[in-house]
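Geometric and topological summary
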Amino acid sequence: MAFRDENFQALILFAHINRQGSLSAAADLLGISRSSVSKQLAALEKKIGSRLFNRTTRKIVLTDVGRKVLQEAHSVESALQRIEHISEDSRSVVSGHINISAPIAQGRIHIAPLLTEFINLHPNVTVNLQLEDRFIDMIAENVDVSIRVGYLPDSSLIARKLGDVSWVLCASPKYLEAAPPLKTPSDLLNHRCLYYRNSKVSMNTWTFVGEHGEEEVTVSGPFSINDPGVLITAALDGAGVLLINRGLLGNAIEEGRLISLLDNYQVVGGLPTYVVYPEREFIPAKTRALVDFLVEKMPSKMSSD
């Protein structure tokens with residue numbers, strides 16, 4: 001005998017009838033008609049194949065089968081109550097494990113330190129951070145929260161903006177000592193440039209806007225890699241000129257370890273950054289707390305310049 005949702009509802013109704021002592025009282029308690037109560041009870045008895053109550057004009061009395069079914073009905077009620085408490089806890093108590101995905105450099109420089117702060121605030125939370133420069137399938141890979149840079153395609157994900165990536169052209173004093181002049185974007189053709197490159201994209205076409213309009217230049221140089229953090233290290237070591245997300249540099253410019261270049265030009269191509277998570281009817285408290293935390297903390301990290 002297969003039970004469906006309506007059968008479980010009928011079991012709960014059966015338990016209410018027994019507690020109230022009549023179909024009418026159960027109907028009044030639940031706010032439904034007596035005829036509806038009678039139909040649901042009859043359907044349950046038909047499903048079980050036996051009467052559950054012996055009825056008289058004054059009262060109802062459980063049959064032997066009814067007493068056995070009532071025990072199971074109470075078990076169903078208890079299970080549903082426990083499930084409800086679990087659901088309430090998951091939506092209100094900040095605890096549990098969170099799987100997070102983030103771009104490599106941003107994850108190292110911004111997200112990892114913030115996660116340390118977050119788990120200090122919420123000691124009942126554990127996190128696993130995966131650093132990857134790709135758009136992952138959050139559902140298939142069981143990821144709760146992801147940091148994404150760039151314009152998002154339409155999807156079932158919920159996105160909250162953390163800020164915009166701003167770019168800066170820079171190089172170390174060591175490199176600039178022996179480098180040719182750099183006064184306009186076209187001068188970059190005479191420089192050793194460092195740029196991001198992976199198997200699908202090469203980010204060596206840089207676009208600037210100045211008083212004479214937009215100027216695009218395709219640069220070259222001795223070193224490209226798919227890790228912005230390594231590019232920053234190379235620039236600090238004097239390997240060349242770097243166009244990079246300013247928020248990843250920390251205090252390198254303020255401390256003079258890198259020098260900002262072409263400041264009279266604006267770099268084109270700033271990208272928005274989002275925290276995204278799958279759309280669900282109930283968002284766990286741990287996910288909601290982390291997303292709110294990142295929305296509060298990340299903008300100041302990204303705009304440090």
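Here the structure is a predicted model, which means the values were calculated and not measured.

Parameters at a glance
Residues numbered from 1 in each chain as written. Predicted model: local features only at pLDDT ≥ 70, side-chain atom pairs only at ≥ 80, totals over all residues. Heavy atoms only, no water. Helix = DSSP H or I, 4+ residues; strand = E, 2+ residues; numbered from the N terminus. Buried < 20%, exposed > 50% of the residue type's maximum accessible area, 1.4 Å probe, protein only. Contact = heavy atoms within 4.5 Å. Areas by Shrake-Rupley, 256 points an atom, 1.4 Å probe, with all protein chains shown as cover. Arc of directions from axis to C-beta. Pairing = 2+ DSSP bridges. Axes fitted to C-alpha atoms, helices over the stretch in contact; angles between N-to-C directions. Domains from an automatic or database assignment. Phe/Tyr/Trp six-rings, centres within 6.5 Å; stacked < 30°, edge-to-face > 60°. Salt bridge = Lys/Arg side-chain N within 4 Å of Asp/Glu carboxyl O.

Here the focus is the overall build of the protein chain. In terms of regular secondary structure, the protein chain is built from eight helices and 15 strands. With 305 residues in all, the protein chain has 39% of them scored as buried. In the protein chain, the proportion of contacts linking residues at least 24 apart, taken out of those at least 6 apart, comes to 72%. Carbon together with sulfur atoms contributes 50% to the accessible area of the protein chain, which is approximately 16,800 Å² in total.

Of all the positions in helix α2 (residues 23-30), only Leu23, Ala26 and Ala27 are classed as buried. Taken end-on, α2 shows its buried residues confined to a sector of 100 degrees, consistent with a single buried face. At the exit of α2 stands Gly31, carrying a positive phi of roughly 75 degrees.

Turning our eyes to something else, we now look at the sheet that holds strand β15 (residues 272-278). Spatially, five strands are ordered β4-β3-β5-β15-β6 in an open sheet, and the strand pairing comes out mixed. Where the open sheet ends on each side, the last strands, each with one partner, are β4 (125-131) and β6 (157-164). Taking each pair of neighbouring strands and ignoring which way they run, the sheet shows an average axis angle of 20 degrees. Note: strand β5 (residues 145-149) against β15, four bridges, orientation antiparallel. By the bridge assignment, Ser146 is partnered in β15 with Val276. Lying over the sheet, helix α5 (residues 104-121) contacts β3 (96-102), β4, β5 and β15, oriented at roughly 175 degrees with respect to β4.

Our next topic: the domain arrangement of the protein chain. Here the domain parsing of the protein chain yields domain 1 (4-85), domain 2 (96-162 + 271-297) and domain 3 (167-267). In this structure, domain 1 and domain 3 have C-alpha centres spaced 74 Å apart.

A separate point is the packing of aromatic side chains. Evaluation of the coordinates by the stated rule reveals two aromatic pairs. Ring centres of Phe14 and Phe53 lie 5.2 Å apart, and the angle between their planes is 55 degrees; on these two criteria the pair is classed as tilted. With a gap of 39 residues between them, Phe14 in helix α1 (residues 5-20) and Phe53 in strand β1 (residues 53-55) connect regions that are remote in the sequence. Phe53 shares its class with Phe14; the two are buried. Ring plane angle 55 degrees and centroid distance 5.4 Å describe the contact between Phe118 and Phe293, whose orientation is recorded as tilted. Note that Phe118 is positioned in helix α5 and Phe293 in helix α8 (residues 285-302), a separation of 175 residues in sequence. Here the two residues Phe118 and Phe293 agree in accessibility, since each one is buried.

Attention now moves to the side chain of Thr207. With respect to the helices, strands and loops of the structure, Thr207 is situated in strand β9 (residues 205-210). According to the relative accessible area criterion, Thr207 is buried, its value standing at 11%. If near-sequence neighbours (up to four positions away) are discounted, Thr207 is found in contact with Glu214, Glu215, Glu216, Gln266, Val267 and Val268.

Counting across every chain of the model gives six salt bridges. Note that Arg160 is salt-bridged to Asp292, the shortest N-O span being 2.6 Å. Here Arg160, found in strand β6, pairs with Asp292, found in helix α8; they are 132 residues apart in sequence, far enough to count as distant. Here Arg257 and Glu255 are joined by a salt bridge, their closest N and O atoms 2.9 Å apart. Since its relative accessible area comes to 39%, Arg257 is described here as partly exposed.

With that settled, consider the pairing of β15. Summarising burial for β15: seven of the seven residues are buried, a large majority. Neither face of β15 is exposed, since Pro272, Tyr274, Val276 and Pro278 on one face and Thr273, Val275 and Tyr277 on the opposite face are all buried. With seven bridges joining them, β6 and β15 adopt antiparallel strand pairing. Its bridge partner lying in β15, Lys161 is registered against Tyr274.

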